[in-house]
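Fold and contact review
The lines below spell out each chain.
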There are 2 protein chains.
Amino acid sequence: MLCLGIFSQISLIFAENMISSEPIDEKVEDKVKKNHIIDSVNMLIFLFLLILTTVTIWAFKYRRIRFLHETGLAMIYGLVVGAIIRYASPGIARTHFVTTLPQYENFTRNDPPDGIWLSIRDRSNQTSRNTTFEYSYVGQLYEETEDKDLEAKATFDPEVFFQVLLPPIIFHAGYSLKRRHFFRNLGSIFLYAFLGTTVSCFVVGSLMFAFVQMMPYLPFSFNDCLFFGAIISATDPVTILAVFSDLKVDVDVYALIFGESVLNDAVAIVLAGSVEKFMMRHDGAIETYSNTGSGPGFEVTAFFKSVGNFLGIFCGAFAIGSSMGCITALLTKFTKIKEYPLLETALFFLMSYSTFLMAEAAELTGIVAVLFCGITQAHYTYNNLSVESRGRTKQLFELLNFLSENFIFSYIGVSVFTFSNHHWEVGFIMLAIVAIVIGRAMNVYPLSFLLNLGRKQKITYAYQHMMMFAGLRGAIAYALAIRNTASVARQTMLSTTVIIVLFTVIVLGGCTTPMLSWLKIRVGVEDEQEMHHFTAPSPSSPHVASHVAPLSHEARAQEKARLVRVWYNFDYKFLKPLLTNSRPLLTETLPTFCMPLARLLTTDEQANTPLDEDKDDDSELIVADSYYSISGHQSFQNADDEELILDDGSHGVAAAAVHSSEVNNSASSDARPPDRVQAPAADDAFTGDLGLGDHVMQARVRLPGPLGDSV
Amino acid sequence: MLCLGIFSQISLIFAENMISSEPIDEKVEDKVKKNHIIDSVNMLIFLFLLILTTVTIWAFKYRRIRFLHETGLAMIYGLVVGAIIRYASPGIARTHFVTTLPQYENFTRNDPPDGIWLSIRDRSNQTSRNTTFEYSYVGQLYEETEDKDLEAKATFDPEVFFQVLLPPIIFHAGYSLKRRHFFRNLGSIFLYAFLGTTVSCFVVGSLMFAFVQMMPYLPFSFNDCLFFGAIISATDPVTILAVFSDLKVDVDVYALIFGESVLNDAVAIVLAGSVEKFMMRHDGAIETYSNTGSGPGFEVTAFFKSVGNFLGIFCGAFAIGSSMGCITALLTKFTKIKEYPLLETALFFLMSYSTFLMAEAAELTGIVAVLFCGITQAHYTYNNLSVESRGRTKQLFELLNFLSENFIFSYIGVSVFTFSNHHWEVGFIMLAIVAIVIGRAMNVYPLSFLLNLGRKQKITYAYQHMMMFAGLRGAIAYALAIRNTASVARQTMLSTTVIIVLFTVIVLGGCTTPMLSWLKIRVGVEDEQEMHHFTAPSPSSPHVASHVAPLSHEARAQEKARLVRVWYNFDYKFLKPLLTNSRPLLTETLPTFCMPLARLLTTDEQANTPLDEDKDDDSELIVADSYYSISGHQSFQNADDEELILDDGSHGVAAAAVHSSEVNNSASSDARPPDRVQAPAADDAFTGDLGLGDHVMQARVRLPGPLGDSV
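Cut-offs applied
Residues numbered from 1 in each chain as written. Chains lettered and ligands numbered in written order. Predicted model: local features only at pLDDT ≥ 70, side-chain atom pairs only at ≥ 80, totals over all residues. Heavy atoms only, no water. Helix = DSSP H or I, 4+ residues; strand = E, 2+ residues; numbered from the N terminus. Buried < 20%, exposed > 50% of the residue type's maximum accessible area, 1.4 Å probe, protein only. Contact = heavy atoms within 4.5 Å. Areas by Shrake-Rupley, 256 points an atom, 1.4 Å probe, with all protein chains shown as cover. Axes fitted to C-alpha atoms, helices over the stretch in contact; angles between N-to-C directions. Parallel < 35°, antiparallel > 145°, perpendicular 65-115°, else oblique. Left-handed = near helix turned anticlockwise from the far one by under 90°. Nonpolar A, V, L, I, M, F, W, Y, C, P; charged D, E, K, R; others polar. Core = buried A, V, L, I, M, F, W, Y, C linked by side-chain atoms within 4.5 Å. Salt bridge = Lys/Arg side-chain N within 4 Å of Asp/Glu carboxyl O. Disulfide = S-S within 2.5 Å. Phe/Tyr/Trp six-rings, centres within 6.5 Å; stacked < 30°, edge-to-face > 60°. Lys NZ or Arg CZ within 6 Å of the ring centre and 35° of its normal. Expected span 1.5 Å × (residues − 1). Bend = angle between axes of the 7 residues up to and from the residue. pLDDT = per-residue confidence, 0-100.

Of regular secondary structure, chain A possesses 32 helices and three strands. For chain A, the proportion of its 711 residues judged to be buried stands at 63%. A fraction of 82% describes how many contacts in chain A between residues 6 or more apart in sequence connect residues 24 or more apart. As presented, chain A carries roughly 25,200 Å² of accessible surface, and 63% of it is formed by carbon and sulfur atoms.

Take a look at the structure:
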């Protein structure tokens, strides 16, 4: 609106001579123009915020200021601009025609019309024709206040978050996932993400239900509380991990926290959807339902239906996501599209975004689909891409991720003042903070205890405290909360979520560095090797791969738990040869009677690929793409990739070394240049490093399943 | 809708158990869900089309098929899918409540309400509360047909074209402009673009007005015809230039056609806007206005107002665009943001898109602003970017351009069948084709004749025929036509534009290669040097620049016409040193009394830049960024860049050689490695090459002005 002032000055010069005579349709044209300008200015406000944030982030990085992270910054700028918009800019008057549907019309309040055609008679001239205007359905209106006018000020349809802003963030998380560490800690991550998030949801839900009993004026049912528990259980990976990347925190803490928060976003989204469906059916059937519980028989059935629903949605989305990834891999393997990197990148982008829309159109969860699509694309398709497309896709999604993230955090700040459906309850907010701290504790400590029973490398208390501390809430929680602000309960949830996001991101995010040093968690772990790497950058990935110690397939397989091992072998022998150009060939791994098929599915390029074990590493070496060799300066968002280079040099070898005594396998040392295995790496394997919790994984969490079997 | 069928099958499994009991608000929730799914499926249809197009483009490139270009392909696929959607998919029933505004309400047909709040009583229960729904203004409704329902099928708000799809296309055109050739042919290009487009607009307008006299049933006023002339005068650079790039057509034909079609998009947009405003005021004042002309006195005043309006909008948009470009240049020069390429790229993107929105908010033309922003960014900001960001920004806009372009062409195809406001008039369409051919001829031949009076290197008849032939219509014409389909006249225009776009892109686009060989226009001009370049790619741009013959500043300045020379010197001495890190320093060029200021504006980096003339070339060497050195295969969209490398090796030197006899300047040969100046380059300068039309430019077109002076 500020900008509007400035521009209207400029535009007056040009528009001035057209206001003079106002003929019949000019007002209508003006209305279109006014809306267009409002849209432009709204968007401009956020672009301005993003520009400001970008420049300030640079300044902070340049001066090595770490107490406030970029996301916190975006929110604070947002708050300031939101306050200015609310209190210092003139309102935009919007007119409404209020009418009641006549009794004889066929529409009911369950089924309002999709649109209204409004005829207006020209009163000056009785003979003249009517003019008809079209109006489209927006939604249910809860309070007919003039505050609604505020809506035109810098707010967007909440669906924008789900359709436009979240998909690139989640895809990027999957695409840049450090799969090596992720899979090594798979059991723990799945336990925290699935069981932990559910525990947190129910703990927070129950506590809040107990708390609202003290606030009878708040219309919260148990289901509302559970819904709140679900949306607030989605932890945000952005803020804390940016700090982790900057500081090069121990890779396994990193993997645990990153893996958990990426997956638990997906879990929370599906959980919230299930609770909502459960609630809707439940609340709907018994209209007078209030704070008291109802017949337990019905609830139990509905509850199990919801659990089934949860699993159905999750598996369905997983299936769509991973199969779209595989189709892209096949497309890039069996065509020579890599000769045209632009086309290849376009195809990659289009396939990935289609995945999201497909899942949404099938009433599954696009976010979950896109996460697994990202992982599949990184694991298979990435190997088939040209060197240029690897750089292009990484950079593209990195940029989209950066813009979307900061847009959301700016929006959170701005909407505190401009969004009209807020309902502030100080008591509720305070108690909610207590509840989420307890919920987080009930997630981290008991599950860590269980995991430690089976893990060789225990999750130390320092790590547990760090995980506890890392429970920031962010974009997903906000997006889930703003999606529906129909009732007072929902509005209270939104306002509470906003405060919790602001508080955790700014305060906890800012304290991450002191916390790390207080807990004595190792930072700067790979500095030495990274220096080594950056002083002699190698332009193409196979070269890098051949410098670092390659692990033989067998050593690698032995490193994993049994179920993971089955999957790993299947992947290595059949999926990778089928979907990528890596060795061994399908002609070597498939049984003899499948030979014609195997030959059909093996490309010339693949057959000519030199048979070295390195080739297999490529997929996990997301790193070694061109743009690292171009720039000496690391781009701060992808420190997780860089680590991967070293990974094969240090942890891979180290882990193999640990296991080599058991399996008596000497293949891992056959090509290792001695100068690359350095002290910190070896040290890593035997000290506080979190290895794979083999036993626990097999016994308690049967979760490698969804990765391969349930497809 | 096809997809919908498939997905509804899948989703049934999960959704099945929630349809059972239908409580009160479920229908409302369902409505939201239904709209969401329709949106997803609509978007999915276009993504599917784009994927199909991308893969087919690859197949065509792979098999070297040139008779059908990608844009034609996108349209044909679009037509097929549109037909399927229209005839083979079930309709989506939409309900409408039709009401008349009561006489006592304060709204008039000039000023309909912004929204409607509709209360619905629950008829089953008289005591229960009313439910209110909100409806928002869509627009005026012209025909209350059931065909409106079709709108839900694969159509978008036309504003999407202007807000989302066109800006990246136009920005990319500006950013990847071959400035060297563009500026050398500046006079001719401006004459074609400004005078030529206006001539074409009036010729087509007048002819169509004459033609519609034969079709009295068509409600076309002279202004309508003029508007049609304006929208149909925007020629499309995409299709023909992709073929040119593939074939390496003579650079000056390329520059003329590219320059003309990029600028004439901007001219046509502003022209159409001016005609519309003129028309609105005019038609409004005399309500009974029909096919007959009215008092000429009024028309002349209004016409000059429109001309003033045209110039105001153009200059205002130019000012916003170029100043935002300069601000970005300053931001990237005086901060060290280049250490973080991600932030740098984000800043670049945000500033560029802000430019568009600012111009729109100021009621100017965002497209024009973004074009000049692109040129400024390439000329100044590009020099300050890190090597990585250069690659990133180029690739990003290349991708966005590719996706947007193909999206629009797919949409043109689909909308033939799905858009409901079509009005097909075979007679009108045939006559329109005749009119645009005449209009194009009246543009190209007379202006070429005028230009040839002053040019040393004449525009040969072959080139003129090629320009005539290159008058394809495309995205801009369509976007302008679909923006307003309120009256039958406008609907006829849209349908005619669609047919013309389809016809020109598919038929003329497909015949480009035969036409080139028929006209004996040289192709494959730089093959020899390009081979040379690609066999020994050099990773960083300064190296490439130092291999090719550098031109001294003086030689370069002498090459230009006087007004351009003044601008060039000003740019070289003051703007470039101010906005970029290039030499000479401001401390050397500014008068002595400005020393403190000059020192303040000179960065350390700039002072340490080695003083070689090459540095100046950098800006025009958009090419030599990393991704050309990475990939041996050229990406087909930017052959115009590659040429730039050679440009400095061939045409630059060649042109200097032509002029060196006049100006007796030997500086141009001081650093030229003899092995780089090859036969074709020298040949180029003396044969059919179009040099700069010095005299004409000064005498007839005073257009270098807007580039520097009018800011």
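This part is about unusual backbone geometry. Residues and elements named next belong to chain A. Despite not being glycine, Lys-520 shows a phi value in the positive range, around 55°. Mapped onto the secondary structure, Lys-520 falls in the loop between α18 (512–518) and α19 (527–535). By relative accessible area, which is 72% here, Lys-520 ends up exposed.

The next subject is the packing of helix α7 (residues 222–232) of chain B against helix α17 (residues 488–510) of chain B. Residues and elements named next belong to chain B. Relative to each other, α7 and α17 sit at 30°, their axes nearing to 11 Å. Considered as vectors, α7 and α17 are oriented roughly parallel to each other. When the axes of α7 and α17 are compared, the crossing they make is right-handed. Packed against α7, whose contacting residues are Asp-224, Phe-227, Phe-228, Ile-231 and Ile-232, the element α17 presents Ala-489, Arg-490, Met-493, Thr-496, Thr-497 and Ile-500 at the interface. Class assignment for the residues of the contact of α7 with α17 results in seven nonpolar, two polar and two charged.

Turning our attention to the packing of helix α13 (residues 387–418) of chain A against helix α11 (residues 341–361) of chain B. Relative orientation of the contacting elements α13 of chain A and α11 of chain B amounts to 70°, with a least axis distance of 10 Å. Our classification of the angle between α13 of chain A and α11 of chain B gives roughly perpendicular. You can see that α13 of chain A and α11 of chain B cross each other, and the crossing is right-handed. On the side of α13 of chain A, the interface is formed by Glu-398, Leu-399, Phe-402 and Leu-403 of chain A, while α11 of chain B contributes Leu-342, Leu-343, Thr-345, Ala-346, Phe-349 and Leu-350 of chain B. Looking at the contact of α13 of chain A with α11 of chain B residue by residue, the classes come out as eight nonpolar, one polar and one charged.

Further remarks concern the nonpolar core. In this structure, Phe-228, Phe-244 and Met-466 of chain A together with Phe-228, Phe-244 and Met-466 of chain B are the most contacted members of the largest nonpolar core, which totals 310 residues. Those residues within four positions of Met-466 of chain B in sequence are excluded, and the remaining contacts are Ile-240, Phe-244, Val-253, Ile-257, Thr-512, Met-515, Leu-516, Leu-519 and Ile-521 of chain B. Ranked by size, the runner-up nonpolar core spans 18 residues in total, among them Phe-97, Ile-116 and Tyr-135 of chain A together with Ile-120 of chain B.

The next point concerns the pattern of salt bridges. In this structure the tally under the stated criterion is six salt bridges over all chains. Here Arg-392 of chain A and Glu-388 of chain A are joined by a salt bridge, their closest N and O atoms 3.0 Å apart. With Arg-392 of chain A and Glu-388 of chain A both in helix α13 and four residues apart, this pair spans about one turn of that helix. No difference in accessibility class separates Arg-392 of chain A from Glu-388 of chain A, as the two residues are buried. Connected through salt bridges with shared partners, the residues Glu-388 and Arg-392 of chain A together with Glu-398 of chain B form a single ionic network.

The next thing to look at is the state of the cysteines. Under the criterion given, the structure shown has zero disulfides over all chains. In this structure Cys-201 of chain A is not part of a disulfide, and its nearest cysteine sulfur, from Cys-225 of chain A, lies 11 Å away.

Under the defined criterion, the tally for this structure stands at 52 aromatic pairs over all chains. For the ring pair Phe-314 of chain B and Phe-372 of chain B, a centre distance of 6.1 Å and an interplane angle of 75° mean the geometry is edge-to-face. A residue pair is termed long-range when its members are at least 10 positions apart, and Phe-314 of chain B in helix α10 (residues 296–334) and Phe-372 of chain B in helix α12 (residues 366–384) qualify at 58 residues. With respect to class, Phe-314 of chain B is no different from Phe-372 of chain B; both count as buried. Ring-pair connections join several aromatic residues into one group, and the members of that group are Phe-171, Tyr-175, Phe-348, Phe-349, Tyr-382 and Phe-397 of chain A. When the ring centre of Phe-162 of chain A is taken as reference, the NZ or CZ atom of Arg-483 of chain A above it lies at 3.9 Å. Looking at Arg-490 of chain A, its charged tip hangs above the ring of Phe-227 of chain A, at a distance of 4.1 Å from the centre.

Residue and element names in this part refer to chain B. Counted at 1.5 Å a residue, the expected span for helix α13 (residues 387–418) with its 32 residues is 46 Å, and the 45 Å between its end C-alpha atoms agrees. At Ile-412, α13 shows its largest kink, close to 25°. Burial analysis of α13 places 29 of its 32 residues in the buried class, the great majority of the element.

Before going further, it helps to spend a moment on the environment of Phe-258 of chain B. With respect to the helices, strands and loops of the structure, Phe-258 of chain B is situated in helix α9 (residues 251–285). The residues contacting Phe-258 of chain B, other than those within four sequence positions of it, are Ala-173, Leu-177 and Leu-241 of chain B.

Attention now moves to the confidence of the model for chain A. All names here are of chain A. On average, residues of chain A score 71 in pLDDT, and 67% of them reach the 70 mark or higher. This stretch, residues 144–152, has a pLDDT under 50; its non-local contacts, to residues over four places away or in other chains, come to 20 contacts. Below pLDDT 50 for its whole length, residues 613–711 participates in 251 contacts with residues either more than four positions away or in separate chains. Taken together, the chains of this predicted complex give a pTM of 0.75 and an interface ipTM of 0.75.

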